[in-house]
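# Tertiary structure, described
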Amino acid sequence: MTRSELSHYLQTFLQVSSFKDYAPNGLQVEGKAQIHTLVTGVTASQALIDEAIRLNADAILVHHGFFWKSEPEVITGMKQRRIKALLAHDINLFGYHLPLDAHPVLGNNAQLARVLELVNAEVVEEVTQGLLWRGNLDQPMRAADVSQKLSQALNRAPLHIGDPEAQIYSLAWCTGGAQDYIDAAAALGVDAFISGEVSERTYHSAVEQGIHYFAAGHHATERFGIQALGRHLAREFGLEHHFVDIDNPV
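Description of the structure in this document.

Cut-off values and rules
Residues numbered from 1 in each chain as written. Predicted model: local features only at pLDDT ≥ 70, side-chain atom pairs only at ≥ 80, totals over all residues. Heavy atoms only, no water. Helix = DSSP H or I, 4+ residues; strand = E, 2+ residues; numbered from the N terminus. Rg over C-alpha atoms; globule rule 2.2 N^0.38 Å. Buried < 20%, exposed > 50% of the residue type's maximum accessible area, 1.4 Å probe, protein only. Contact = heavy atoms within 4.5 Å. Areas by Shrake-Rupley, 256 points an atom, 1.4 Å probe, with all protein chains shown as cover. Lys, Arg positive; Asp, Glu negative; His and termini not counted. Charge placed at Lys NZ, Arg CZ, Asp CG, Glu CD. Pairing = 2+ DSSP bridges. Axes fitted to C-alpha atoms, helices over the stretch in contact; angles between N-to-C directions. Core = buried A, V, L, I, M, F, W, Y, C linked by side-chain atoms within 4.5 Å. Expected span 1.5 Å × (residues − 1). Arc of directions from axis to C-beta. Parallel < 35°, antiparallel > 145°, perpendicular 65-115°, else oblique. Left-handed = near helix turned anticlockwise from the far one by under 90°. Polar contact = N/O pair within 3.5 Å; in protein donor to acceptor, adjacent residues only side chain to side chain.

All right, on to the overall build of the protein chain then. Summing up its helical and strand segments, the protein chain has 10 helices and 11 strands in all. Computed over the C-alpha atoms, the radius of gyration of the protein chain is 19 Å, within 12% of the 18 Å expected from 2.2 N^0.38 for a compact globule of 250 residues. C-alpha atoms of the protein chain, sized along the principal axes, occupy 55 × 40 × 30 Å. Taking all 250 residues of the protein chain together, the buried fraction comes to 52%. When contacts within the protein chain are restricted to residue pairs at least 6 apart in sequence, long-range pairs at least 24 apart make up 65% of them. Of the roughly 11,500 Å² of accessible surface on the protein chain, 50% is carried by carbon and sulfur atoms. Charged side chains in the protein chain number 18 positive and 29 negative. The centres of these two groups are separated by 6 Å.

All right, on to the sheet that holds strand β10 (residues 212-215) then. Strand order in the open sheet made by the six strands is β5-β6-β8-β9-β10-β7, with mixed pairing throughout. Edge positions in the sheet fall to β5 (119-123) and β7 (159-161), since each has one partner strand and no second. Between one strand axis and the next, the sheet turns by 25 degrees as a mean value, whatever way the strands run.

With that settled, consider the nonpolar core. Grouped together as the largest cluster of nonpolar side chains are 21 residues, with contacts concentrated most on Leu-150, Ile-168, Leu-171, Trp-173, Ile-194 and Phe-214. Contributions of two or more residues to this core are made by α5 (108-115), β6 (133-142), α6 (143-154), β8 (167-174) and β9 (192-195). The biggest single contributor to this core is α6, with four residues. When residues no more than four places from it in sequence are discounted, the contact partners of Leu-171 are Leu-118, Trp-133, Arg-134, Gly-135, Asn-136, Leu-137, Val-190, Ala-192 and Ile-194. Counting 19 residues, the second-largest nonpolar core is a separate cluster that includes Phe-193, Ala-206, Tyr-213 and Ala-215.

Even without being glycine, Phe-67 reaches a positive phi, approximately 65 degrees. Since its relative accessible area comes to 30%, Phe-67 is described here as partly exposed. Here the phi dihedral of Glu-117 falls at roughly 60 degrees; this positive angle occurs in a residue that is not glycine. The exposure class assigned to Glu-117 is exposed, which follows from its relative accessible area of 56%.

Moving on to the sheet that holds strand β3 (residues 59-64). The five strands lie next to each other as β1-β4-β3-β2-β11, forming an open sheet whose pairing is mixed. Edge positions in the sheet fall to β1 (26-29) and β11 (240-243), since each has one partner strand and no second. Averaged over all neighbouring strand pairs, the angle between strand axes comes to 30 degrees, with direction disregarded. Pairing analysis gives four bridges linking β3 to strand β4 (residues 92-95), with the strands arranged parallel. Looking at the pairing, Leu-61 lines up with Phe-94 of β4. Running over the sheet, helix α1 (residues 3-13) touches β1, β3 and β4 and is turned about 0 degrees from β4.

The next subject is α6. With 12 residues, α6 extends 16 Å from end C-alpha to end C-alpha; this agrees with the ideal 16 Å at 1.5 Å per step. Those residues of α6 not exposed but buried are Ala-143, Val-146, Ser-147, Leu-150, Ser-151 and Leu-154. All buried residues of α6 fall inside an arc of 140 degrees around its axis, so they share one side.

Between α1 and helix α10 (residues 224-237), the shortest axis-to-axis distance is 13 Å and the interhelical angle comes to 125 degrees. Judged by the angle between their axes, α1 and α10 are oblique. In terms of crossing hand, the pair formed by α1 and α10 is right-handed. Facing α1, whose interface residues are Leu-6, Tyr-9, Leu-10 and Phe-13, α10 presents Leu-229, His-232, Leu-233, Glu-236 and Phe-237.

This next bit is on the side chain of Ser-199. Looking at the secondary structure, you find Ser-199 in the loop between β9 and α8 (200-209). Residue Ser-199 is classed as buried on the basis of its relative accessible area of 18%. A distance of 2.7 Å separates polar atoms of two side chains, one belonging to Ser-199 and the other to Gln-179.

Next up, the structure:
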């Protein structure tokens, strides 16, 4: 398919125009016009770009791309090296942040529910941009066993705040750096909240509001959406697809 065809398809499929985001969603670095080989990954790091070059990729599709609002606007140092490598090998870079978190089937939150085998998973409509989800375990489970379930599913031991022997049934979750949704989760009356990252203030919010909290890793909770999207594109358009998981303990 062509670069413009892929860009247009993802713009519509992920409903990009519906989101107010912290970085541009869509084509971030322009490469070759024809796309046959697609590499997906969580973050457009140098390691991912190097592997895409090795795989002769025509395009890289990531959740965390470039040009965040909080970063310097100049193209020097690390950013220059990354962009130089993309341009030198004529590789397109596409990045989709919140639209990929929120997609109802292939998004990070939907895919985390699938991986954890949660039931009755649904978007909490009252929360901005539909980024908070809620659902249940198939049966009540000790908090310690929920930690074990997360460890097995995500290949990373979570941080748990709460009594490990307490029973958990209902949960809310938002992948990545969503720790401050804990207050909205507590207002729902669920037993536990899962996000990727944790902050110092999260501990006090969990303890004082009586809600279990699991910090399961930013990278670990956001590996599944980009994989699902890559598989979808490969099926729909006959692309050769490679998911590259660059290890990240955070």
